[in-house]
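Residues per chain, in single letters:
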Amino acid sequence: MTRAAIYLDHNASSPLLPEARTALLAALDLTGNPSSVHGHGRALRHILDTARTQVAALAGAEHKQVVFTGSATEAITQAIVGGAKIFGSDAIIISAGEHAAVSKAAEATGLPVLTIGLLADGRIDLDQLAAMLADADVNGRTFLVAFHWVNNETGVVQPIGRINALVGPTRHTLFIDAVQAFGKLPLEFAASAPDMMAISGHKIGAPAGIGALLVKSHADVVRLIPGGGQEQGRRGGTEPASLIAAFGAASAAFGERYGAVDVAGLIDRLEAGLKAMADDAVIFGAERLGNVINFAVPGIKNTTAMMGLDLAGLSVSSGSACSSGKVGPSHVLAAMGVKPELAECALRVSLGWSSTAEDVDAFLAGYQSILSRHRARQGQAA
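*Asks:* Mind laying out the pattern of salt bridges, listing which residues take part and the relevant values?
*Replies:* Close approach of charged atoms lets side chains of opposite charge pair. Applying the stated criterion across every chain yields a total of 14 salt bridges. Notably, a salt bridge pairs arginine 269 with aspartate 361, separated by 2.9 Å at the nearest N-O pair. In this pair, arginine 269 is assigned in helix 8 (residues 263-277) and aspartate 361 in helix 12 (residues 357-381), connecting sequence segments 92 residues apart. The shortest N-O distance in the salt bridge between lysine 301 and glutamate 344 comes to 3.5 Å. Residue lysine 301 is found in the loop between strand 10 (292-296) and helix 9 (302-311), and its partner glutamate 344 is found in the loop between helix 11 (340-343) and strand 12 (346-350); the two are separated by 43 residues along the sequence.

Rendered as structure tokens:
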């Protein structure tokens, strides 16, 4: 009897929540356009309004601050490309650990892109940011600062309070990629400094294809896709009511579902098991979000480990799933000063609302098998 595959890659995409599936299918049974004024249209509009309230509640945002988009990547691009134009930015500041969606959007502005380094523990070098902002005051430059809150590869939580304090009171624009933080940390968008934030549906158990940009009122003029006035004129195109309904349902259900799983405890269990079998294992990053571990055992390349684990029915990654087909050294680890030969051994295991202790134990057993084969080959070579 074939064992069901075990999914350990929630940072790439989380399994569909039952509540999201139910909402998705119910909305698919409805006919019409949310912009129509007749009964069919009003029914769909009600679905959008309900979902907007649900998403806003999880994000700590006001109802009107939620702009639905086709993905977090679209939201990020709208914030950075649209924001740089509207606010007259002279340059974009990003960190060396940003997701490609942020770095590519920064490049797409055509403006100079200034990159802040990462410290060895994975945190953004905010002293470097402070120096750049001080220099901007002398030279009269205006920046759009685009940082992640939680690193998707290492799980390192950035010091958002200090970022807010450094940028918030200034003339500069602050955008936060909150994709990995959404649902797992209190965003409190309405009461915090960022002008804009991006969030994603499929990271919390909604389907792929739906995200949102959170915008403060002064940033409400940021546009990317013109159209017929949908999303209060902020994003053109007929809204996908079924996907939005699922996003709302996932937002309403995720907290309880995620909280019912001791995700941090499972990661501790995994880390302890890993250290017991390989005392030379290296865990990357400090002050991590409790659902992810990025580690390496010297000599076991991630290409080999991932193939072996996949054959054993265990799905993990070596970093961002958006680096399609690319398994190898990570730009995030490189920015943290990790040597290439060690970075080539890095694996990411990320857990979520459906994870269990059995999943963790299965991973440890699978990795132990790979480690044993590696040690046997080393012994033969000696």
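Next, the rest of the story.
*Asks:* Please give an account of helix 4 (residues 100-108) that cites residues and values.
*Replies:* For helix 4, the full list of buried residues reads Ala101, Val102, Ser103, Ala105 and Ala106. In the core, the buried residues of helix 4 are packed alongside helix 3 (72-86), strand 3 (91-95), strand 4 (113-116), strand 5 (143-148) and strand 6 (173-177). Just past helix 4, the residue glycine 110 takes up positive phi, approximately 80 degrees.

*Asks:* Any chance you could break down the nonpolar core for me, citing the residues and the numbers?
*Replies:* With 98 residues, the main nonpolar core has Phe147, Phe247, Phe295, Phe363 and Tyr367 as its most contacted residues. At nine residues, helix 7 (residues 241-259) tops the list of elements feeding residues into this core. If sequence neighbours within four positions are ignored, phenylalanine 147 has contacts with Ile93, Ile94, Ser95, Glu98, Ile116, Ile124, Leu126, Leu129, Ile163, Phe175, Ile176 and Asp177. Counting 21 residues, the second largest nonpolar core, distinct from the first, contains Ala79, Ile92, Leu144 and Ala146.

*Asks:* Help me get a handle on the packing of aromatic side chains, residues and values and all.
*Replies:* This structure, assessed with the given rule, holds six aromatic pairs. Here phenylalanine 295 and tyrosine 367 contribute two aromatic rings whose centre-to-centre distance is 5.3 Å and whose plane-to-plane angle is 80 degrees, an arrangement assigned as edge-to-face. Pair noted here: phenylalanine 295 is in strand 10 and tyrosine 367 is in helix 12, with a separation of 72 residues, a long-range link. Tyrosine 367 matches phenylalanine 295 in its accessibility class, with the two residues each being buried. On the numbers, 5.9 Å between centres and 20 degrees between planes, the contact of phenylalanine 363 with tyrosine 367 is stacked. Of this pair, phenylalanine 363 and tyrosine 367 are both found in helix 12, four residues apart, which corresponds to roughly one turn of the helix. Of the two residues examined, phenylalanine 363 and tyrosine 367, each falls in the buried class. Aromatic ring contacts, followed pair by pair, group Phe68, Phe182 and Phe247 into a single cluster. The ring centre of phenylalanine 189 lies 4.5 Å from the NZ or CZ of lysine 216, which sits over that ring.

Procedures and definitions
- Residues numbered from 1 in each chain as written.
- Predicted model: local features only at pLDDT ≥ 70, side-chain atom pairs only at ≥ 80, totals over all residues.
- Heavy atoms only, no water.
- Salt bridge = Lys/Arg side-chain N within 4 Å of Asp/Glu carboxyl O.
- Helix = DSSP H or I, 4+ residues; strand = E, 2+ residues; numbered from the N terminus.
- Buried < 20%, exposed > 50% of the residue type's maximum accessible area, 1.4 Å probe, protein only.
- Contact = heavy atoms within 4.5 Å.
- Core = buried A, V, L, I, M, F, W, Y, C linked by side-chain atoms within 4.5 Å.
- Phe/Tyr/Trp six-rings, centres within 6.5 Å; stacked < 30°, edge-to-face > 60°.
- Lys NZ or Arg CZ within 6 Å of the ring centre and 35° of its normal.

In short, shape yes, function no, at least from these values alone.
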